[in-house]
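What follows is the residue order along each chain.
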Amino acid sequence: MKAQVKDKLATAGFYLGAGLVVLILFSLLGYIIVHGYRAIDLQFLLSEPETLRAGGGIGPNIFNSFYLLFLSMALTAPLGVLAGIYLAEYARQNQFTNLIRLSIETLTSLPSIVVGLFGLLIFVTMFGFGYSLVAGALALTVINLPMMVRVTEENLRTVPRDLREASLSLGATKWQTICRVVLPTALPGLITGIIITAGRVFGEAAALLFTAGMTTPHLNFSQLDITQPTCPWNPFRPGETLAVHIWKINSEALIPDVRRVADGSAAVLVLVVLGFNLFARWVARRFTCRLTGG
Amino acid sequence: MVNRNVRREFLGYSLTFSCALIAILLTLAIILFLGWKGLAVFTQHKISLTNIFSVHWWPDRPAGAGGPQVGVLTFIFGSVITSTLAVLVSAPLGVTVAVFMAEISPRLGQRFLQPVIELLAGIPSVVYGYIGLSVLVPFIRNNIGGTGFSLLAGVMVLAVMILPTIASMATDAIRALPGTLKEAALALGATRWQAIRTVILPSARAGILMGVVLGLARAFGEALAVQMVIGNRREIPHSILDPLITLTSGITMDMGNTVQGSLWNDTLWFMALILLVLSFFFIFLIRLLGRKGAVH
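These numbers were taken from a predicted model, which means no experiment stands behind them.

## Here we look at the overall build of chain A
Assigned secondary structure in chain A consists of 10 helices and zero strands. Listing every helix and strand of chain A by position from the N terminus yields α-α-α-α-α-α-α-α-α-α. Per-residue burial for chain A yields a buried fraction of 54% across its 294 residues. Taking all contacts inside chain A whose residues are at least 6 apart in sequence as the whole, residues at least 24 apart take part in 74%. Total accessible area on chain A stands at roughly 13,600 Å², and carbon and sulfur atoms take up 66% of it. Of the charged side chains in chain A, 22 are positive and 16 negative; the average position of the first set lies 9 Å away from that of the second.

## Details of the UniProt feature "transmembrane region" (unreviewed entry) in chain B
Residues and elements named next belong to chain B. Within the UniProt annotation, "transmembrane region" (unreviewed entry) is assigned to residues 12–36, 75–100, 112–131, 151–174, 195–217 and 268–290. Note that residues 75–100 is 100% helix and 0% strand, and that its end C-alpha atoms are spaced 37 Å apart. Within the segment residues 268–290, helix and strand shares are 100% and 0% respectively, and the terminal C-alpha atoms sit 33 Å apart.

## Observations regarding helix H6 (residues 133–157) of chain A
The terminal C-alpha atoms of H6 of chain A, which comprises 25 residues, lie 35 Å apart, in line with the 36 Å expected from a rise of 1.5 Å per residue. Counted residue by residue, H6 of chain A has 21 buried out of 25 residues, so it is predominantly covered.

## Overview of the UniProt feature "transmembrane region" (unreviewed entry) in chain A
Residues and elements named next belong to chain A. In the numbering adopted here, UniProt assigns the feature "transmembrane region" (unreviewed entry) to residues 12–34, 66–87, 99–123, 129–149, 181–202 and 266–284. Structurally, residues 12–34 comprises 100% helix and 0% strand, and the distance from its first C-alpha atom to its last is 31 Å. Along residues 66–87 one finds 100% helix and 0% strand; the C-alpha atoms at either end are 30 Å apart.

## Section: helix H4 (residues 73–104) of chain B
Residue and element names in this part refer to chain B. Given a rise of 1.5 Å per residue, 32 residues ought to cover 46 Å, and the 44 Å separating the end C-alpha atoms of H4 matches this to within 8%. Residue Ser 90 marks the point of greatest curvature in H4, where the axis turns by about 30°; the proline Pro 92 follows within four residues. Among the 32 residues in H4, 23 count as buried, and that is most of the element.

## Quick word on the pattern of salt bridges
Under the criterion given, the structure shown has 12 salt bridges over all chains. Each of Arg 101, Glu 153 and Arg 157 of chain A takes part in one network of salt bridges that share partners.

## Here's the deal with the side chain of Ser 79 of chain B
Residue and element names in this part refer to chain B. If you trace the backbone, Ser 79 turns up in helix H4. At a separation of 3.0 Å, a polar atom in the side chain of Ser 79 contacts the main-chain amide nitrogen of Leu 247. Those residues in contact with Ser 79 that lie beyond four places of it in its chain are Phe 220, Ile 245, Thr 246, Leu 247 and Thr 248.

## Considerations on the UniProt feature "domain: ABC transmembrane type-1" (unreviewed entry) in chain A
Following the UniProt record, the feature "domain: ABC transmembrane type-1" (unreviewed entry) maps to residues 62–280 of chain A here. In this annotation, residues 62–280 of chain A is assigned 72% helix and 0% strand; the end-to-end C-alpha distance for the span is 20 Å.

## A word on unusual backbone geometry
Outside of glycine, negative phi angles account for most residues, and trans bonds account for most peptide bonds. Residues and elements named next belong to chain B. Here the phi dihedral of Lys 46 falls at roughly 50°; this positive angle occurs in a residue that is not glycine. Along the chain, Lys 46 turns up in the loop between helix H2 (40–43) and helix H3 (49–52). According to the relative accessible area criterion, Lys 46 is exposed, its value standing at 65%. Its identity is not glycine, yet Asn 232 carries a phi of approximately 50°, on the positive side. Its place among the elements puts Asn 232 in the loop between helix H11 (224–229) and helix H12 (247–254). Classification of Asn 232 by relative accessible area gives buried; the value is 11%.

## Some words on a positive patch on the surface
Together, Arg 180 of chain A together with Arg 4, Arg 7 and Arg 8 of chain B line one region of the surface with positive charge. Counting residues per element, the positive patch draws most heavily on helix H1 (residues 2–38) of chain B, at three residues. Turning to its location among the elements, Arg 8 of chain B is positioned in helix H1.

## Brief notes about a nonpolar patch on the surface
Residues Tyr 15 and Phe 26 of chain A together with Leu 108 and Phe 112 of chain B make up a contiguous nonpolar surface patch of about 400 Å² in total accessible area. Elements supplying a minimum of two residues to the nonpolar patch: helix H1 (2–39) of chain A together with helix H5 (106–122) of chain B. Looking at where Tyr 15 of chain A falls in the secondary structure, it is placed in helix H1.

## So, the interface of chain A and chain B
At the interface, 73 residues of chain A touch 73 residues of chain B. In this assembly, chain A packs against chain B so that about 6,600 Å² is buried in total across both faces, 81% of it on carbon and sulfur atoms. The tally of links from chain A across to chain B stands at two salt bridges. For Glu 118 of chain B, the salt bridge goes to Arg 281 of chain A, with nearest N and O atoms at 2.5 Å. Along the contact surface separating chain A from chain B lie 12 residue pairs in polar contact (both at pLDDT 80 or more). Looking at the side of chain A that touches chain B, the elements that each hand over two or more residues are H1, helix H3 (59–90), helix H4 (95–109), helix H5 (112–126), H6, helix H8 (174–203), helix H9 (242–252) and helix H10 (258–293) of chain A. Per element, the largest residue contribution to the side of chain A that touches chain B is 21 residues, and it comes from H1 of chain A. A breakdown of the residues in the side of chain A that touches chain B according to their chemical character gives 52 nonpolar, 14 polar and seven charged.

## Notes on the packing of H1 of chain A against helix H9 (residues 192–203) of chain B
Following both chains from N to C, one finds H1 of chain A and H9 of chain B inclined at 75°, their axes separated by 7 Å at the closest point. By the angle class used here, H1 of chain A and H9 of chain B are roughly perpendicular. Contacts from Ala 3, Lys 6, Asp 7, Ala 10, Thr 11 and Phe 14 of chain A in H1 of chain A reach Arg 192, Trp 193, Gln 194 and Ile 196 of chain B in H9 of chain B. When the residues that make up the contact of H1 of chain A with H9 of chain B are grouped by side-chain class, the tally is five nonpolar, two polar and three charged.

## Describing the environment of Val 159 of chain A
Residue and element names in this part refer to chain A. Within the secondary structure, Val 159 sits in the loop between H6 and helix H7 (161–169). Counting along the chain gives 23 residues from Val 159 to Val 182, while the straight-line C-alpha distance between them is 6.5 Å. Residues in contact with Val 159, not counting those within four places in the same chain, are Arg 164, Val 182, Thr 185 and Ala 186.

## Some words on the packing of H4 of chain B against H12 of chain B
Any two packed helices are characterised by how steeply their axes cross, that is the angle between the axes, and by the distance between the axes. All names here are of chain B. Direction vectors running N to C along H4 and H12 enclose 125°, while the axes themselves pass 7 Å from each other. One way to sum up the angle between H4 and H12 is to call them oblique. Only Leu 247, Thr 248 and Gly 250 of H12 make contact with H4, whose side of the interface consists of Phe 75, Ile 76 and Ser 79.

The rules we used
- Residues numbered from 1 in each chain as written.
- Chains lettered and ligands numbered in written order.
- Predicted model: local features only at pLDDT ≥ 70, side-chain atom pairs only at ≥ 80, totals over all residues.
- Heavy atoms only, no water.
- Helix = DSSP H or I, 4+ residues; strand = E, 2+ residues; numbered from the N terminus.
- Buried < 20%, exposed > 50% of the residue type's maximum accessible area, 1.4 Å probe, protein only.
- Contact = heavy atoms within 4.5 Å.
- Areas by Shrake-Rupley, 256 points an atom, 1.4 Å probe, with all protein chains shown as cover.
- Lys, Arg positive; Asp, Glu negative; His and termini not counted.
- Charge placed at Lys NZ, Arg CZ, Asp CG, Glu CD.
- UniProt positions renumbered as here; feature names shortened; annotations may be inferred.
- Expected span 1.5 Å × (residues − 1).
- Bend = angle between axes of the 7 residues up to and from the residue.
- Salt bridge = Lys/Arg side-chain N within 4 Å of Asp/Glu carboxyl O.
- Polar contact = N/O pair within 3.5 Å; in protein donor to acceptor, adjacent residues only side chain to side chain.
- Patch = residues over 30% accessible without salt bridge, like charges linked within 9 Å, V, L, I, M, F, W, Y side chains within 5 Å.
- Buried area = accessible area lost by both parts, 1.4 Å probe.
- Nonpolar A, V, L, I, M, F, W, Y, C, P; charged D, E, K, R; others polar.
- Axes fitted to C-alpha atoms, helices over the stretch in contact; angles between N-to-C directions.
- Parallel < 35°, antiparallel > 145°, perpendicular 65-115°, else oblique.

Written out as structure tokens, the structure is:
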């Protein structure tokens, strides 16, 4: 009898614990959305941040975040996918392969601020890029490379052996098999992985403080000369992303309406990250339907 | 035709091989350059071990007064205490959630808790810092005491941040157990709680500990969210309501304001090197636990 009572109590405890976690999430999201809703309007989303006066927006920060995301994924995705192909299709069980895996594990567990410092040392100072979007994109690549490699390897491993063998037996070479059979089959998973990785890039800040910098020059969208510092597309200009902006205004801002800007920025950041996750799910489901149903 | 295929074959192999090589080169570069910069406090500034591993922080003390003091122990203590307490808060809750998802109600777990955990993991760390700053810190100031910027605030923020890591690792560990284990316990007349406590949790111990170590590593390396709520005072805290400083927040605060090559700046690099060495230690621990877990 006593054991039964204990069992009931324990079960109640587990429900309580699970409920608490759900409560935490909903209060977090609720807080962000409610406060964000009051702060966000079109003007806020499009105008430039102010340094001293009230009424600033986050337009350039949103642009910087997306542009940086594009730059870093343009590097990370090919690098990570190719390295993943090596691990899934070519790597043998030997010391070299072990070394690759150990490196990837190391890169995964590096604190992002350490990567930021490495970026400051190598990309900003030694390569002479200065605080720039390029330096930020390279630092983000260091952070996301391991995830991209792992996603690729896992997805390639789910491709059935029969497919490869069929292709090889038809006389295709290994590389042809990889490009024409294995990669297309694994594509939905790869795209999903790339989108999820991109979502993580969007929220990253610590690695960017000392690489992409904490300032943005005045951007002139009619300036198309890419070497000009006012040209938004110039990858060698500094750029403060939305996540970095949130950190900066919360810890050292002089504007009188800090709360409004912080509320709005956090809501935009969370909504975009959520958007990436939903988009990834949607892509995964859509592609799976087409491949299995078609 | 055959020749072209051979050439492509070789090209494909070397392309993927070199990309894999980049991962190794990057890791080596990080170790070498951080080691070089981090050890500059010894090689260039001739700082003694007793100086750097002390709690005295006065990096610009003039030579007449005894020279600069760059004790990093305060920072190390701050990192250790915040992340350890965060894990102590987070681990029980994480394991509870894991047992719930794997054993109590897999259906609710799959449909409801899994997405919740994923969402929590997806919220960027600066957002956790922002909520800590705008909700938690004032709450502590008004209801518990102190200025609000405190060890307590840092622990709470970190605990929520690492919860998803611990919960999902623990869930995987429990799900990976063979079903026969639980069935045997139930067949012997054990209640579900007895089976969980005496059979399932002990068997999944290695995997659960791996999640805990991973959570600890994350807490240790987290920079901005912690920096926003702990007050960043370079002193050992006396109570949970006191402000303190960690390795990561110390680096964040000062790296942009110190001159490259100065002792102060190089001490920050030494702190980064400590972070790097610690993350190697965590990898080692996780590998060890992984090997232990494989025995089961």
